[in-house]
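A closer look at the structure
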Amino acid sequence: MKTFIVLALVIVATLAAPKSPLHKKWADFKLTHKKQYSNPLEEVRRMAIFNDNLAQIEEHNAKYAKGEVTYSKAINQFGDLTKEEFLAYVNRGKATKPVKNEKLAKKWVPSKKPAAAQVDWRGNAVTEVKNQGQCGSCWSFSTTGSVEGQFAINRGQLISLSEQNLIDCSTGYGNAGCDGGWMDSAFDYIYDYGIMSESAYPYEERLDNCRYDASQSVTSINGYYDLPYGDENALANAVSNNGPVSVAIDATDELQFYNQGIIYDTTCNERDLNHGVLVVGYGSEGGYDYWIVKNSWGGSWGEGGFYRTVRNYNNNCGIVSAASYPSL
């Protein structure tokens, strides 16, 4: 407690300095991300965390400038969270995997057409980057992303679909709204009912009563394909020849301040999956093969809401531990 009081006094003194660089960065952070705190002491605590995060980011970026790491970091909306708080936020999307409907899971067979050297579905089959906010609904964004992709590729229209529809209405399929879920379970729901558009059923960042209207369904699906566990060649084949693919990963604190570059996370594992995202392409740069991944943390995070992660690195972070995409 004594240490914290001393730290608080130091920070208050820093805030009092009109030309303090920290003061300006903190003020800009609060304004940009619309941050408000319950009382002055809480703000002091959050600023201390922010200051510590800044120092760690600067240390990491010094290594990036020397070529010692392959990606840079930057302050974003998570700037006032500790590592533990960020992981608690990410792990909210973690859920017990329910028993899936085997009748809907189709046997995946690789296309005879070889995978292209590089692929990027953005602009053709990928909607705008969305933001799940404080709801652990990453699974729903991953689901809509792959269905949106298939609908654009096969029906010629790119339509943003409703995550809220899935959050509110697929709890009977094993999903838990803002407390996690699985893409295959959401596919099961869409198979039975269909899914509405984002505009017809807007996102609320919370679990609400199901208000699905079948007359406004954009599409249904006739099943889905689960890709072979850990097979990155299969994922490349599917992304190249079929479109964006839903995947689950082990998201660690290394993603908290990801800014740009190709991330190789040595702290994650391929089985402890806690976050649903969407693989929208792949390529190679600087001696590294990479996946292009659409996240659901808004466009100010990462590379415009996307990140690149190593490809052909032994299923790093479980990128192909639970990969699937729907069939229209």
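Just so it is clear, the structure is predicted and the values come from calculations on it, not from any experiment.

1. Regarding the state of the cysteines
The full count for this structure, using the stated rule, is three disulfides. Each sulfur of the disulfide joining cysteine 135 and cysteine 178 lies 2.0 Å from the other. Between cysteine 135 and cysteine 178 the disulfide shows an S-S torsion of about -100°. By sign, it is left-handed. Taken together, the positions of cysteine 135 in the loop between β3 (119–120) and α5 (138–155) and cysteine 178 in the loop between α6 (163–169) and α7 (183–193) put the pair 43 residues apart, joining distant regions of the chain. At a sulfur-sulfur separation of 2.0 Å, the disulfide partner of cysteine 169 is cysteine 210. Judged by the sign of its S-S torsion, about 100°, the bond between cysteine 169 and cysteine 210 is right-handed. Placement of cysteine 169 in helix α6 and of cysteine 210 in the loop between β4 (195–196) and β5 (217–219) is noted, with a sequence separation of 41 residues between them. Note on cysteine 169: relative accessible area 11%, which makes it buried. Free of any disulfide, cysteine 138 has its nearest neighbouring cysteine sulfur in cysteine 135, separated by 9.0 Å.

2. Regarding the environment of tryptophan 297
Its place among the elements puts tryptophan 297 in the loop between β10 (288–294) and β11 (306–310). When the C-alpha atoms of tryptophan 297 and asparagine 165 are compared, they prove to be 19 Å apart, with 132 residues separating the residues in sequence. When near neighbours in sequence (up to four residues on either side) are disregarded, tryptophan 297 contacts Gln77, Phe78, Phe86, Tyr89, Val90, Lys130, Asn131, Gln132, Leu255 and His275.

3. Re the packing of α5 against α7
In contact at an axis separation of 9 Å, α5 and α7 are set at 60° when each is read in the N-to-C sense. As judged from the angle between their axes, α5 and α7 are oblique. Here the hand of the crossing between α5 and α7 comes out right-handed. Between α5 and α7, the contacting residues are Trp139, Ser142, Thr143, Ser146 and Val147 on the first element and Met183, Ala186, Phe187 and Ile190 on the second.

4. Notes on the UniProt feature "domain: Cathepsin propeptide inhibitor" (unreviewed entry) in the protein
When the UniProt feature table is mapped to this numbering, "domain: Cathepsin propeptide inhibitor" (unreviewed entry) covers residues 26–86. Along residues 26–86, the helical share is 61% and the strand share 5%, with 19 Å between the first and last C-alpha atoms.

5. Notes on α7
Counting buried residues along α7, eight of its eleven residues qualify, which places the element largely inside the surrounding structure. Regarding α7, the residues found buried are Met183, Asp184, Ser185, Ala186, Phe187, Asp188, Tyr189 and Ile190. In the stretch just after α7, glycine 194 is the one whose phi turns positive, near 95°.

6. Some thoughts on the pattern of salt bridges
Evaluation of the coordinates by the stated rule reveals 21 salt bridges. For glutamate 42, the salt bridge identified is with arginine 45, shortest N-O distance 3.3 Å. Within this pair, glutamate 42 and its partner arginine 45 are both found in helix α3 (residues 40–65), separated by three residues, close to a single helical turn. Note that arginine 206 is salt-bridged to glutamate 204, the shortest N-O span being 3.5 Å. Exposure remark for glutamate 204: the relative accessible area of 28% places this residue in the partly exposed category.

7. Notes on the packing of aromatic side chains
Think of a pair of aromatic rings as described by two things: how far the centres are apart, and how the planes are tilted against each other in angle. For the structure shown, the criterion picks out 25 aromatic pairs. For the pair phenylalanine 86 and tryptophan 297, a centre-to-centre distance of 5.6 Å together with 80° between the ring planes defines the contact as edge-to-face. Note that phenylalanine 86 is positioned in helix α4 (residues 83–91) and tryptophan 297 in the loop between β10 and β11, a separation of 211 residues in sequence. Of the two residues, phenylalanine 86 and tryptophan 297, neither departs from the other in class, the shared state being buried. When the centroid spacing of 5.5 Å and the interplanar angle of 35° are considered together, the rings of phenylalanine 187 and tyrosine 224 count as tilted. Placement of phenylalanine 187 in helix α7 and of tyrosine 224 in strand β6 (residues 223–226) is noted, with a sequence separation of 37 residues between them. Of the two residues examined, phenylalanine 187 and tyrosine 224, each falls in the buried class. Over the face of the ring belonging to phenylalanine 306 we find arginine 122, whose NZ or CZ atom lies 4.7 Å from the ring centre.

8. Points about unusual backbone geometry
In most cases, non-glycine residues show a negative phi, while peptide bonds are predominantly trans. Located in the positive-phi region is glutamate 205, a residue other than glycine, with phi close to 65°. Counting through the fold element by element, glutamate 205 comes out in the loop between β4 and β5. Phi is positive for asparagine 312, close to 65°, though the residue is something other than glycine. Relative to the helices and strands, asparagine 312 is located in the loop between β11 and β12 (324–327). The partly exposed category is assigned to asparagine 312, whose relative accessible area is 38%.

9. Observations concerning the side chain of aspartate 184
With respect to the element layout, aspartate 184 can be found in helix α7. In terms of polar contacts, aspartate 184 uses its side chain to reach the side chain of serine 324, at 2.8 Å.

10. So, the pairing of strand β7 (residues 245–249)
Across the five residues that make up β7, a large majority, five, are buried. Residues Val245, Val247 and Ile249 point to one face of β7 and Ser246 and Ala248 to the other, with burial holding for every one of them. In the sheet, β7 pairs with strand β9 (residues 275–285) via five bridges, with the strands oriented antiparallel. Looking across to β9, one finds that serine 246 is bridged to leucine 278.

What counts and how
Residues numbered from 1 in each chain as written. Predicted model: local features only at pLDDT ≥ 70, side-chain atom pairs only at ≥ 80, totals over all residues. Heavy atoms only, no water. Disulfide = S-S within 2.5 Å. Helix = DSSP H or I, 4+ residues; strand = E, 2+ residues; numbered from the N terminus. Buried < 20%, exposed > 50% of the residue type's maximum accessible area, 1.4 Å probe, protein only. Contact = heavy atoms within 4.5 Å. Axes fitted to C-alpha atoms, helices over the stretch in contact; angles between N-to-C directions. Parallel < 35°, antiparallel > 145°, perpendicular 65-115°, else oblique. Left-handed = near helix turned anticlockwise from the far one by under 90°. UniProt positions renumbered as here; feature names shortened; annotations may be inferred. Salt bridge = Lys/Arg side-chain N within 4 Å of Asp/Glu carboxyl O. Phe/Tyr/Trp six-rings, centres within 6.5 Å; stacked < 30°, edge-to-face > 60°. Lys NZ or Arg CZ within 6 Å of the ring centre and 35° of its normal. Polar contact = N/O pair within 3.5 Å; in protein donor to acceptor, adjacent residues only side chain to side chain. Pairing = 2+ DSSP bridges.

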